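Here's the letter readout for the chains.
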Amino acid sequence: MGNADLTVLALDVGTTAVKAGIVRGGAITAAASSSPLETSTPADGWVEQDADDWWAATVEAIAALPPADLDDVDVVAVTGQMQDLLCIDGTGHPVRPVILYGDTRADRELGELLHALPDWPHAVGRPPDPTAVAAKWRWLVDNEPNTVAATRHVVFGAGGEVVRRLTGAVMCDHTTASTTGMYELSARSWWPPIAKIDDLPVPPLDDRRPWPMLPTFAEELGLPPTATVVLAPGDAAATTLGIVGTELDRAYAYLGTSGWVAAATDALPDTDGFVLPGLNADHWVVAAPLIAAGATVDWAREVLLGGIDHDELDALAKGVCAATAGVLALPHLDGQRLPIADATARVALVGMGRSTDRAVIAAAILESVAHALRQLAELVAPEGEDFLVCGGGSRSDTWCQTIADVTGRTVHRTDDEHASLLGAAIAAGAESSPRPTTGSFPPDPLHHWAHRGAAAMFDALGPALRLTTEGLADLRNAADDTVDSDT
């Protein structure tokens, strides 16, 4: 559903650039991107950006769109990166650089807050880590009291900051709020104790209300003065909307350097996955991350298979089933988060013998990531009959076929290039159209039979190796400490 006649200027204020697109009838009719944004790391664990750069990049991206398209815009819908901490003074200007979502400087402050608020993890549904916004604010309280004294408002996402500049209104969408570590999912509101403990001025929560644009900016950007502004859900939920629309219980997998499996549901789920509020109280996004997807395949190409390229790996693994050759692999190049959190989990190949050749190794690595995706799909959408895949890894027919064989679900490859922009437009009321697919891959019956048998073995292999991987990690750390002390 949605308004097919609505013309939306959709913006995605990302970490690397700002993307802009004109959305009509559920499709992108024009798109542009800004120059790359700069990220600074002035100290270990610090990750910062300049909020003025966000605005300059937004203006640049909009200016790159056809002026005639801008004349017809009804709504500006904005999404973007989440879990940031931006401090704004009484004149509406940033007080300091933005502390980004990946900033981990506040480890000590996190411990203090957890000690003071033992109910915190239960209230927000997941144990907070040093990236929690309340911990970042406590760090400012302890280390930059002048910043805290000058702060009148805080903004928790890049999309919220662009909306603030366009409208003058400070607000936070529910999706971004849920990533801060201060949001109570069951109440769909801020959890009062964590916001009050250090007098953090949390912004009001916004339910996609259309806000009038400040006339100065409408003229500067070449937009109609009647255009309204909507704060769309943060980028994770917007991307999900852009891929599956408003359809429920439809799983999709993103295959990039890392990866995830996500789906939307109509009720707050009881799951080990990450739960994000979506469009309203009847729309939730469940996401389960995979720390390494394409990264594991790239490592195997370079280290195990002699530096072959992607096409060579595809040709090598095509039609090969490592499970029927008695070989099973784990894909955890940098640890595992779900279904079991294990920072020491690593890649493993089990069952190799004299007959194991490069093709079996290539297939085993692809199958290992596919089995990890199977586990995650069982968390977020266990009843699904098919599986959408997108991201760079989905360009591989061999990998798509492997995922189908492992999961037993027909895999449909879809384009995610402008998914976040389409999702922002849907949140603003635009029509939701099914994403076109560029290939479908039904499971091979023989290979799926083998992988059904291998699934329980895969699920048990990580826990069985955990004592070993933990011991090896301790040994590695001890060796590093010895080298450091010697130098």
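Everything below is about the structure shown above.
Residues numbered from 1 in each chain as written. Predicted model: local features only at pLDDT ≥ 70, side-chain atom pairs only at ≥ 80, totals over all residues. Heavy atoms only, no water.

A grouping of Asp249, Asp266, Asp282 and Glu383 is seen on the molecular surface, where their side chains present a negatively charged patch. Note on placement: Glu383 falls in the loop between helix H14 (358-380) and strand E21 (386-390). (Patch = residues over 30% accessible without salt bridge, like charges linked within 9 Å, V, L, I, M, F, W, Y side chains within 5 Å. Areas by Shrake-Rupley, 256 points an atom, 1.4 Å probe, with all protein chains shown as cover. Salt bridge = Lys/Arg side-chain N within 4 Å of Asp/Glu carboxyl O. Lys, Arg positive; Asp, Glu negative; His and termini not counted. Charge placed at Lys NZ, Arg CZ, Asp CG, Glu CD. Helix = DSSP H or I, 4+ residues; strand = E, 2+ residues; numbered from the N terminus.)

Next up on the list: the pattern of salt bridges. Throughout the structure, instances matching the rule amount to 23 salt bridges. With a shortest N-O distance of 2.7 Å, Glu48 and Arg105 are connected by a salt bridge. Highlighted residues: Glu48 in strand E4 (residues 48-49) and Arg105 in the loop between strand E7 (98-99) and helix H3 (107-116), separated in sequence by 57 residues. Of the two residues, Glu48 and Arg105, neither departs from the other in class, the shared state being buried. (Buried < 20%, exposed > 50% of the residue type's maximum accessible area, 1.4 Å probe, protein only.)

Once that is clear, we can look at the environment of Ala106. Relative to the elements of secondary structure, Ala106 occurs in the loop between E7 and H3. Between the alpha carbons of Ala106 and Ala292 there is a distance of 25 Å; along the sequence they are 186 residues apart. Non-local contacts of Ala106, meaning those with residues more than four positions away in its chain, are made with Pro130, Ala135, Lys136 and Trp139. (Contact = heavy atoms within 4.5 Å.)

Right, let's get into the layout of surface pockets. Of the voids in this model, the second largest pocket is the one considered here, and its volume is about 330 Å³. Lining the second largest pocket are 18 residues; nearest its centre among them are His310, Gly392, Gly393, Ser396 and Trp399. Within the residue set of the lining of the second largest pocket, elements represented by two or more residues are strand E15 (252-255), helix H12 (294-304) and helix H13 (310-317). Looking at the lining of the second largest pocket element by element, the count peaks at four residues for H13. The class makeup of the residues in the lining of the second largest pocket is six nonpolar, eight polar and four charged. (1 Å grid on protein atoms, 1.4 Å probe; cavity = no way out; pocket = protein on both sides within 12 Å on 5 of 7 lines; lining within 4 Å. Points joined across faces, edges and corners; volume = space filled by probe spheres on them. Nonpolar A, V, L, I, M, F, W, Y, C, P; charged D, E, K, R; others polar.)

All right, on to the sheet that holds E21 then. One open sheet accounts for seven strands, arranged E17-E18-E16-E15-E21-E22-E23; its pairing is mixed. Since the sheet does not close on itself, it has two edges, and those belong to strand E17 (274-277) and strand E23 (437-441), each with one partner. Each neighbouring strand pair of the sheet contributes to a mean axis angle of 25°, computed without reference to strand direction. Sheet analysis places E15 next to strand E16 (residues 259-265), joined by four bridges and oriented antiparallel. (Pairing = 2+ DSSP bridges. Axes fitted to C-alpha atoms, helices over the stretch in contact; angles between N-to-C directions.)

Attention shifts here to the packing of aromatic side chains. Under the criterion given, the structure shown has five aromatic pairs. Between Trp46 and Trp139, the aromatic rings sit 5.2 Å apart at their centres with planes inclined by 85°, giving edge-to-face as the arrangement. Note that Trp46 is positioned in the loop between strand E3 (27-33) and E4 and Trp139 in helix H5 (residues 133-143), a separation of 93 residues in sequence. Here Trp139 falls in the buried class, since its relative accessible area comes to 9%. Taking the centre distance of 5.7 Å and the plane angle of 75° together, the rings of Phe156 and Trp190 count as edge-to-face. Here Trp190 lies in strand E11 (residues 189-190) and Phe156 lies in strand E8 (residues 153-157), a separation of 34 residues in the sequence. Taken together, Phe156, Tyr183 and Trp190 form an aromatic cluster joined through their ring pairs. Positioned above the aromatic ring of Trp211 is the side chain of Arg209, whose terminal nitrogen or guanidinium carbon lies 3.9 Å from the ring centre. (Phe/Tyr/Trp six-rings, centres within 6.5 Å; stacked < 30°, edge-to-face > 60°. Lys NZ or Arg CZ within 6 Å of the ring centre and 35° of its normal.)

Every buried residue belonging to H3 is among Glu109, Leu110 and Leu113, and all of these are buried. The buried residues of H3 all sit within an arc of 105° when viewed along its axis, so they share a single face. Considering only its buried residues, H3 is in contact with helix H4 (120-124), H5 and helix H9 (192-196). (Arc of directions from axis to C-beta.)

Read across the open sheet, the six strands follow the order E3-E2-E1-E5-E14-E13; overall the sheet is mixed. Strands at the two margins of the open sheet, each flanked by one partner only, are E3 and strand E13 (211-212). Pairing geometry for strand E1 (residues 7-13) and strand E2 (residues 18-24), over seven bridges, is antiparallel. The residue of E2 that forms the bridge with Val13 is Val18.

Turning next to the environment of Asn146. As for its position among the elements, Asn146 is in helix H6 (residues 145-150). The exposure class of Asn146 is exposed, given its relative accessible area of 67%. For the pair Asn146 and Ala63, spaced 83 residues apart in sequence, the C-alpha to C-alpha distance is 37 Å.

Once that is clear, we can look at the pairing of E1. A regular strand places its side chains so that they alternate between the two faces of the sheet. Of all seven residues that make up E1, seven are buried, and the element is covered over most of its length. Once E1 ends, the chain turns through four residues before running back antiparallel as E2.

This part is about the packing of H14 against helix H15 (residues 397-407). Contact geometry for H14 and H15: axes closest at 9 Å, N-to-C directions at 50°. It follows that H14 is oblique to H15 by the angle criterion. Taken as a pair, H14 and H15 cross one another with a handedness that is right-handed. Contact residues: Leu366, Glu367, Val369, Ala370, His371, Leu373 and Arg374 in H14; Thr398, Trp399, Thr402, Ile403, Val406 and Thr407 in H15. A per-class count over the contact of H14 with H15 returns seven nonpolar, four polar and two charged. (Parallel < 35°, antiparallel > 145°, perpendicular 65-115°, else oblique. Left-handed = near helix turned anticlockwise from the far one by under 90°.)

What follows covers empty space enclosed by the protein. This model, assessed by the stated rule, comprises four cavities of 30 Å³ or more. Approximately 70 Å³ is the volume attributed to the largest cavity. Lining of the largest cavity is provided by Asp173, His174, Thr175, Asp206, Asp207, Arg208, Leu231, Ala232, Pro233, Gly278 and Leu279. Class assignment for the residues of the lining of the largest cavity results in four nonpolar, three polar and four charged. Looking at the second largest cavity, its volume works out to about 50 Å³. Every residue along the wall of the second largest cavity is listed here: Leu330, His332, Asp342, Ala345, Arg346, Gly462, Leu465, Arg466 and Thr469. Broken down by element, the lining of the second largest cavity gets its largest block of residues, four residues, from helix H17 (residues 445-486). Residue classes in the lining of the second largest cavity are distributed as three nonpolar, three polar and three charged.

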